[in-house]
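# Coordinate inspection notes
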Amino acid sequence: MSSSSDEERESIVFDIGSHCARAGFAGEDAPSVVIAYEEENEYKETYYSNGYKLFGSNGSKIDMLERVISNCYNLLDDNKVDLIKESPAIFSEHFHDIPSERENLIELMFEKFEVPAFYTTPSPVLSLYSSGRGSGIVLESGNSFTETVVIYEGYMISNSVFSQKRGGAEVTQYLKDHCGSLRNTNRAMSDADYLYLKDRYSTCSYSEPTTKVRLPDGIETDLDMKSSLLKGCTDSLFDSPGLKSLPDMVYESVMAASIHGRRDLFCNVILSGGNTMITGFPALLKNRIEQVVSKRHKGLKLNVVAAPERKYHPWIGGSILGSLSCFMDSLLISKDEYMESGPRVLAKCINPKNVIKC
């Protein structure tokens, strides 16, 4: 797919999650637009009422998605009409997204926003691309979901995919449910306070966490609770009744790959997503995986890759992808292709080998 308009404008990369939206031009190092829903009056009420998630189980996801995308365009360029009509749109997606959601998205982008071209690919695939590797096991943990997948020499191993509905929102909700009153203050805790506690003070570290905290309005106080709570809030990420533990997800994903590639995969455990930024997350995950692996494999080397920019991994991977000429020429879905085939043209996005080997 190529046209004169593609040469005039870089692709625009969107990574839209349930906690924030990120957007920017392909080829850039970081998104130029980051919308945190709890900070925006337009989204705040919905975000809090859905349990710290913008996209809840009630209502139409596509309607809210349209509002977020429109706001991203507005923040990227004042002349939004020209920007939309000249710039291909690249989206990250999650394995839990159902086909109808992908179809609604491509319909929205071509028929409502009238973009010239479109592409979408799984977020963990983009995360691996961002890491500069062609093979690896990606553990991506965001606000609503945690996923693992193996990509080996460009091939996504379909039966290595595990996806669970747990993430940062559950950590925040745990603090809200268990946090005691504030000592020496005259006010109650707010939703913004719980988010702040999660982002600033929650930890997976074995060291004893503090109970002395400074809240967003500058108040310093001791939390009237057990000192272990700021670590306890993250325990459900690793062990939750009825769900596979994160170490088991990683291990079983790797075991789905060819036996000849498993050692390489254990040396390339790639972390991605804002939830993995919690203090101590990489170290605890490595420790727990080693416990699982050591029972079955002696002398196996394990390496967990936790890049400082990992909360932006999906967006950065999309930025790299969108700057490649081979991607622009062959993988983008054009408006003509969509008009001819409708949503069925999304089959063009399915094979991640094209993305990795491009």
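Summarised in this report is the structure supplied together with it. Model, not experiment: these values are computed from the prediction.

We now examine the overall build of the chain. Looking only at helices and strands, the chain has 17 helices and 14 strands in total. A buried classification covers 52% of the 358 residues belonging to the chain. About 15,800 Å² of surface is accessible on the chain, with carbon and sulfur atoms providing 46% of the total.

Next up on the list: the pairing of strand 12 (residues 269-272). The side chains of a regular strand alternate between both faces of the sheet. On strand 12, burial covers both faces: Val-269 and Leu-271 on one face and Ile-270 and Ser-272 on the other are all buried. Where strand 6 (residues 136-141) and strand 12 come together, four bridges link them in parallel fashion. Bridged to Val-138 within strand 12 is Ile-270. The pairing of strand 12 with strand 13 (residues 304-305) spans two bridges and is classified as parallel. Counted as the bridge partner of Ile-270 is Val-305 from strand 13. Between the parallel pair strand 12 and strand 13, the chain is carried across by helix 13 (residues 281-294), and the sense of this crossover is right-handed.

Over its 14 residues, helix 13 extends 20 Å from the first C-alpha to the last, a length consistent with the 20 Å expected when each residue adds 1.5 Å. Of the residues making up helix 13, those classed as buried are Phe-281, Pro-282, Leu-284, Leu-285, Ile-289, Val-292 and Val-293. With its buried residues spanning 165 degrees around the axis, helix 13 presents them on a single face. Looking at the buried side of helix 13, the elements it contacts are strand 6, helix 10 (235-238), helix 11 (246-255), helix 12 (262-266), strand 12 and strand 13.

On to the pattern of salt bridges. With the rule as written, the count across this model stands at ten salt bridges. In this structure, Arg-22 and Asp-15 form a salt bridge, with 3.4 Å as the shortest nitrogen-oxygen distance. Assessed through its relative accessible area of 12%, Arg-22 is described here as buried. Between Lys-112 and Glu-66 there is a salt bridge, and its shortest N-O distance comes to 3.6 Å. Residue Lys-112 is found in helix 5 (residues 99-112), and its partner Glu-66 is found in helix 3 (residues 61-76); the two are separated by 46 residues along the sequence. Judged by its relative accessible area of 52%, Lys-112 is exposed.

Let us look at the sheet that holds strand 4 (residues 89-93). The mixed open sheet is built from six strands, whose spatial order is 3-2-1-4-5-14. Looking at which strands have only one partner, the edges of the open sheet turn out to be strand 3 (33-36) and strand 14 (333-334). In terms of strand pairing, strand 1 (residues 12-16) meets strand 4 through three bridges, oriented parallel. Among the inter-strand pairings, Val-13 is bridged to a residue of strand 4, identified as Ile-90. Each of strand 4, strand 5 (117-122) and strand 14 touches helix 5; the most contacted strand, strand 5, lies at about 155 degrees to it. On top of the sheet, helix 6 (residues 123-131) reaches strand 4 and strand 5; it is set at about 85 degrees to strand 5, its chief contact.

Before going further, it helps to examine the pairing of strand 2 (residues 20-25). Most of strand 2 is tucked away, with six of its six residues classed as buried. Here strand 2 shows no split at all, with Cys-20, Arg-22 and Gly-24 on one side and Ala-21, Ala-23 and Phe-25 on the other all buried. When strand 1 meets strand 2, the two strands line up antiparallel, connected through five bridges. Bridge pairing in strand 2 links Ile-16 to Ala-21.

Conventions we followed
Residues numbered from 1 in each chain as written. Predicted model: local features only at pLDDT ≥ 70, side-chain atom pairs only at ≥ 80, totals over all residues. Heavy atoms only, no water. Helix = DSSP H or I, 4+ residues; strand = E, 2+ residues; numbered from the N terminus. Buried < 20%, exposed > 50% of the residue type's maximum accessible area, 1.4 Å probe, protein only. Areas by Shrake-Rupley, 256 points an atom, 1.4 Å probe, with all protein chains shown as cover. Pairing = 2+ DSSP bridges. Right-handed = clockwise from strand over helix to strand, strands pointing away. Expected span 1.5 Å × (residues − 1). Arc of directions from axis to C-beta. Contact = heavy atoms within 4.5 Å. Salt bridge = Lys/Arg side-chain N within 4 Å of Asp/Glu carboxyl O. Axes fitted to C-alpha atoms, helices over the stretch in contact; angles between N-to-C directions.

Just geometry here; none of it tells us what the structure is for.
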